[in-house]
Amino acid sequence: MKQLYKFKSKIFFYGIITAVIFCTITWKTTAYASPVNDFYSPLTMTADTTKPLLKKDTVNSIGIPLTDTTKKPSTDSTIFTEKVDSFSLKISKDTLEAPLKYEAQDSAVILVAQKKVLLYGKTKTQYQDITLTAPQVEVDQATQIVTAVNAKDSSGAVIETAHFKSGESEFTSDTIRYNFKSQVGLTKNTYSQQGEFLVIGEVAKKVNENTTFIKRARFTTCLLDEPHFDFVTPKMKVINQKLAVSGPAHLEFEGVPVPIYLPFGFYPLSQGRHSGLMPPRFASNEQFGLGLEGLGYYKVLSEYWDVKVYGNIYSYGGWSINANPTYRKRYRYSGAFNFSMQNTRFNFRGDPDFLKNRTFQVNWNHTVDGKSRPGTNFSASVNAGSTRFNQLTPNNVQLNFQNQLGSSITYSKNWIGKPYNLSLSANHNQNNVTRLINLSLPDVGFSVSTQYPFQRKDDVGTPKWYQKLGIGYNGNFRNQVSFYDTAFKLKNLIDTLQWGAQHNIPITLALPPILNGAVIVSPSFSYSQVWIAQKFRRKWNTATQKVDTTITKGFFTDHQATFALSFNTAIFGTYQFKKSRIVAIRHVIRPSLSLNYKPDLSKSHFYTDTVATGITQRFSEFEGALYSGYGEGRTGGIGFQVDNNLEMKWRSKKDTGENAIKKIKLIDGYGFSTGYNFLRDSLKLDIISLYLRATLLDKLQITAQSSLDPYQTDQYGRDINKYAWEGGKFKLGRLTFGSISMNTTFKSKPKDPKKDELRKKEIENRLNDPNLIGDQQRLLDYMQQNPGDFVDFNIPWQVSIGYSISFTNRLQPDLITYKKDFTSGLNFNGSFNLTPKWNFSTNGNYDFDTKKVQTFQMSINREMHCWQLSINVTPVGLYRSFSFTISPKSSVLQDLKINRSRFFTNF
């Protein structure tokens, strides 16, 4: 049942009728006197039409004049006289400023004498931006107060509550009394959610649209009617979505008070960024001693900038400081900068293991929205610092084992509508084990996309073959210095300076397919040139029994020209099955044949020298330069490559019709490639490369590749001009390189699929949020260090296993012999729920070469609804640790936790 009721008195309606009659009569009598023949015009103009004669206070609240504006001519024809009329219209005192709309599912009772409306059964009352829903409502027209109460069953339990919403303010109560005119209300047993907080008040008084005073309030992030924990205070003031201030407060768990009181409470409720202190956490480390970590301050500088300054301090004298400003401008750019300096002190002075060291690290990430400046982009990813910074960082096992760092700062420009592309970059890489640092500045790249000079602008019909002739250009210039951070000197830095450039001009021609389109023919030509600033000469030193290297600086060039003609096709084969769930297996073969020729333009840059007594070897004088030049000798031969894949169609028992036919890939790709050089005087057959990619049953990913040398070797492991299958035993060759990696993941279905999708989306949104770019890397680091805090109880169990093995022939420093190096390892991680609330997880790595477990971590986690408990143990490895943490899940209370951690090392 729906009704619309307006609180207007009878006097109001009679007044309206009287006003209409009066206006009609007056309009007729004043038409001759006023230049504006409209009674409702708020202004009566004089002859100069500049000054109003009717003041604002002569018009009532509904726009009807309170005085008679009938004008009579005076002696001056341009001046009018004003006659005052005693007529006025009174408005009822109980009139509201807007209509009041209500509806009730059961019934509505209107008490005319008492000026009340009673609503029963899932009622809904609306006034301006206020919406009130309740099982029972009483509207009092005289006092303009609405009263809403809850509904209870026969046992007295509440089965339906009253719900109030006004703008951003929203709450649920047992009883609500609210005055529409003054916007003051009184509620009992009120529940209101403010951001992540739930505010529960025994008695609440709403004094205006945004401010509420609460008597006997409870404050929590546990969104239950009976929270597991809360802060209890006798009085509280809440400013909607901004802040809450309370008197003395204490914490309660399951209704049991904790005898720790705070003299007052201040709780920010507004969303977004807020300046404030960053509380520290206690830590204990065998080398650093006791310490406080993370103590600092977060400051919001402006809408676009904020900064964190925090640090660690330890009892043995070590400390570290971090400055982390972040910036963002929506739809333009975003970035984060971090500077870290740590002063490391292991143990006390005089201890055999005492160590004192000062290191630093710089991180910078910058991204630009591609739509802000089309054709132009600037990006930065800087990760540089002292080579011992990662090793000496406490309580971070993943960072301790990170030995490779790299950086890139790049500016690129594409001329829209033109074929030109320019890139300027500065690059850096460092090896923390060898402590070698390489810095490239600048690194310039310029290219011209393929142009077709013979193509007509307005081409009609089939183009001629020569119109598909294309030519392009690619060029690079690089300047690089290298140094060891332990022996850094400006003079040595200049000595290691290298520069070089490379130019490439490719010419292509797209010919029409032959043999009814089965074979694609592609001729090509390419000319390349490199500019080199150094050349190297190696000579055997009989006195030291080592190879000495002489470096000559200057300007040197090397050239290369290649001609090629390639043929590509695809062969399809299908085998059909009858009376089988397997419908068919399809085999696709993609062979490729190329004819190529390359003249020997680099012969003058190769020389023969002795590397040991009676042993000589060919060297390139550009080997070791920034651009190492091109190979020696002419090439005139063929190249051959075969790529394959296998697919299968099978019929599923779960579906019928076309939906039952499923297609899966048995082998994504496998094949080989090699070549034969007719113009080479020996060793004409090239190394055979083999590869395999497969995903078995959508579970096991396999990747394998290897190199097969078709020649036999001498006593030093060098190739001789004799095939491997010659000499009585048949074999295709010897493996000089090989690698196999296998990875698989098994996991159960989520208990709640919708919850699983929501969790994935939340993680993706957090990582892609430009406002959180400064926290992304820190979040990933924290996830690696504390995997127990991110356990997904929605997945009952999951296991991931990866195995890899590789070997290669490595040339020894004597430049004569080769050594075969093997590496193999197994990494694993998994988790399973012991009970619906307990989870056990583990991860680690086993090295088959050393036959030792390199890293191993395990954790036990307890789901506690609004709290979580985590125990993490690292019992083996170079870095060992133990930690116990219990904390709320809510991000706003992430610092309210109990943590006990210990760290140990084995060096």
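Cut-offs used in this document
- Residues numbered from 1 in each chain as written.
- Predicted model: local features only at pLDDT ≥ 70, side-chain atom pairs only at ≥ 80, totals over all residues.
- Heavy atoms only, no water.
- Helix = DSSP H or I, 4+ residues; strand = E, 2+ residues; numbered from the N terminus.
- Buried < 20%, exposed > 50% of the residue type's maximum accessible area, 1.4 Å probe, protein only.
- Contact = heavy atoms within 4.5 Å.
- Areas by Shrake-Rupley, 256 points an atom, 1.4 Å probe, with all protein chains shown as cover.
- Pairing = 2+ DSSP bridges.
- Phe/Tyr/Trp six-rings, centres within 6.5 Å; stacked < 30°, edge-to-face > 60°.
- Lys NZ or Arg CZ within 6 Å of the ring centre and 35° of its normal.
- Patch = residues over 30% accessible without salt bridge, like charges linked within 9 Å, V, L, I, M, F, W, Y side chains within 5 Å.
- Salt bridge = Lys/Arg side-chain N within 4 Å of Asp/Glu carboxyl O.
- Lys, Arg positive; Asp, Glu negative; His and termini not counted.
- Charge placed at Lys NZ, Arg CZ, Asp CG, Glu CD.
- pLDDT = per-residue confidence, 0-100.
- Disulfide = S-S within 2.5 Å.

**Remarks on the overall build of the chain**
In step 1: Counting its regular elements, the chain contains 6 helices and 54 strands.
In step 2: Scored against the burial criterion, the 907 residues of the chain give a buried share of 35%.
In step 3: In the chain, the share of contacts with a sequence separation of at least 24, taken over all contacts with a separation of at least 6, comes to 50%.
In step 4: When the accessible area of the chain is evaluated, it comes to approximately 53300 Å², of which 58% is carbon and sulfur surface.

**Here's the deal with the side chain of Ser 881**
In step 1: Within the secondary structure, Ser 881 sits in strand E53 (residues 879–888).
In step 2: On the basis of relative accessible area, Ser 881 is assigned to the buried category, the value being 14%.
In step 3: Setting aside residues up to four positions removed in sequence, Ser 881 forms contacts with Asn 872, Val 873, Thr 874, Arg 902 and Phe 903.

**Brief notes about the side chain of Ser 887**
In step 1: Among the structural elements, Ser 887 can be located in strand E53.
In step 2: You can call Ser 887 buried: its relative accessible area is 8%.

**Regarding the pairing of strand E42 (residues 661–677)**
In step 1: As judged from the 14 bridges shared by strand E41 (residues 635–651) and E42, these two strands associate in the antiparallel manner. The partner of Gln 641 across the bridge, within E42, is Ser 673.
In step 2: Where E42 lies against strand E43 (residues 688–696), 5 bridges are found, and the strand directions are antiparallel. Bridged to Gly 669 within E43 is Arg 693.

**Brief notes about the environment of Met 858**
In step 1: Relative to the assigned elements, Met 858 resides in strand E51 (residues 852–864).
In step 2: For Met 858, a relative accessible area of 29% translates into the label partly exposed.
In step 3: Residues contacting Met 858, with those up to four places away along its chain left out, are Phe 840, Ser 841, Thr 842, Ile 871, Asn 872 and Val 873.

**Here we look at the packing of aromatic side chains**
In step 1: This structure, assessed with the given rule, holds 34 aromatic pairs.
In step 2: With 5.7 Å between their ring centres and 55 degrees between their planes, Phe 832 and Phe 840 make a pair best called tilted.
In step 3: For Phe 832, a relative accessible area of 39% puts it in the partly exposed group.
In step 4: Members of the aromatic cluster, each reached through a chain of ring pairs, are Tyr 127, Phe 164, Phe 171, Tyr 178 and Phe 180.
In step 5: If you follow Lys 329 out to its NZ or CZ, it ends over the ring of Tyr 304, 5.6 Å from the centre.

**Section: a positive patch on the surface**
In step 1: On the surface, Arg 590, Lys 649, Lys 663, Lys 665 and Arg 693 cluster together to form a positively charged patch.
In step 2: Relative to the elements of secondary structure, Arg 693 occurs in strand E43.
In step 3: The exposure class assigned to Arg 693 is partly exposed, which follows from its relative accessible area of 39%.

**So, unusual backbone geometry**
In step 1: Along the chain, Leu 441 connects to Pro 442 via a cis peptide bond; the corresponding omega equals -5 degrees.
In step 2: Relative to the assigned elements, Pro 442 resides in strand E32 (residues 436–451).
In step 3: With a phi close to 65 degrees, His 865 is a non-glycine residue in the positive phi region.
In step 4: By the secondary structure assignment, His 865 is in the loop between E51 and strand E52 (867–876).
In step 5: His 865 sits in the partly exposed class, given a relative accessible area of 35%.

**What about the pattern of salt bridges?**
In step 1: The tally for this structure, following the rule as stated, stands at 14 salt bridges.
In step 2: The salt bridge involving Glu 202 is made with Arg 216; its shortest N-O contact spans 2.4 Å. With a gap of 14 residues between them, Glu 202 in strand E15 (residues 197–206) and Arg 216 in strand E16 (residues 211–220) connect regions that are remote in the sequence.
In step 3: Where Glu 647 meets Arg 586, a salt bridge forms, and the shortest distance between an N and an O atom there is 3.2 Å. Residue Glu 647 is located in strand E41, and its partner Arg 586 is located in strand E38 (residues 582–598); the two are separated by 61 residues in the primary sequence.
In step 4: Look at Arg 586 and you get partly exposed, because its relative accessible area is 34%.

**Quick word on a nonpolar patch on the surface**
In step 1: Taken together, the side chains of Phe 563, Leu 593, Leu 595, Tyr 597, Ile 638, Phe 640, Phe 672, Phe 678, Leu 679 and Leu 690 define a hydrophobic patch exposed on the protein surface, amounting to about 800 Å² of accessible area.
In step 2: It is E38 that contributes the most residues to the nonpolar patch, 3 residues altogether.
In step 3: Among the structural elements, Leu 593 can be located in strand E38.

**Some thoughts on the confidence of the model for the chain**
In step 1: Averaged over all residues, the pLDDT of the chain is 80; the fraction at 70 or higher stands at 83%.
In step 2: Highest mean pLDDT in the chain belongs to strand E31 (residues 420–431) (93); lowest belongs to helix H1 (residues 10–30) (37).
In step 3: Here residues 770–777 is a poorly scored stretch, pLDDT under 50, and it has 17 contacts once near neighbours within four places are set aside; other chains count.

**Observations concerning the pairing of strand E19 (residues 249–253)**
In step 1: Within E19, 4 of the 5 residues are buried, which leaves it mostly tucked inside the rest of the structure.
In step 2: Relative to E19, strand E17 (residues 229–239) runs antiparallel, the two being bridged by 4 bridges. By the bridge assignment, Phe 229 is partnered in E19 with Phe 253.
In step 3: Of the strand pairs in this sheet, E19 and strand E20 (residues 256–262) are connected by 4 bridges, and their pairing is antiparallel. Across the sheet, the residue bridging to Ala 249 is Leu 262, located in E20.
In step 4: In sequence, E19 turns back onto E20 through a hairpin of 2 residues, with Glu 254 there showing a positive phi of about 50 degrees.

**Re the environment of Asn 476**
In step 1: Within the secondary structure, Asn 476 is located in strand E33 (residues 469–484).
In step 2: Once the C-alpha coordinates of Asn 476 and Gln 502 are considered, the two residues, 26 residues apart in sequence, prove to be 5.2 Å apart.
In step 3: What Asn 476 contacts, discounting residues up to four positions off in sequence, is Val 444, Gly 445, Gly 500, Ala 501, Gln 502 and Tyr 627.

**A few points about the state of the cysteines**
In step 1: Under the defined criterion, the tally for this structure stands at 0 disulfides.
In step 2: The thiol sulfur of Cys 222 is not disulfide-bonded, and the nearest other cysteine sulfur, from Cys 866, lies at 3.5 Å.
In step 3: Given the relative accessible area of 0%, Cys 222 is considered buried.

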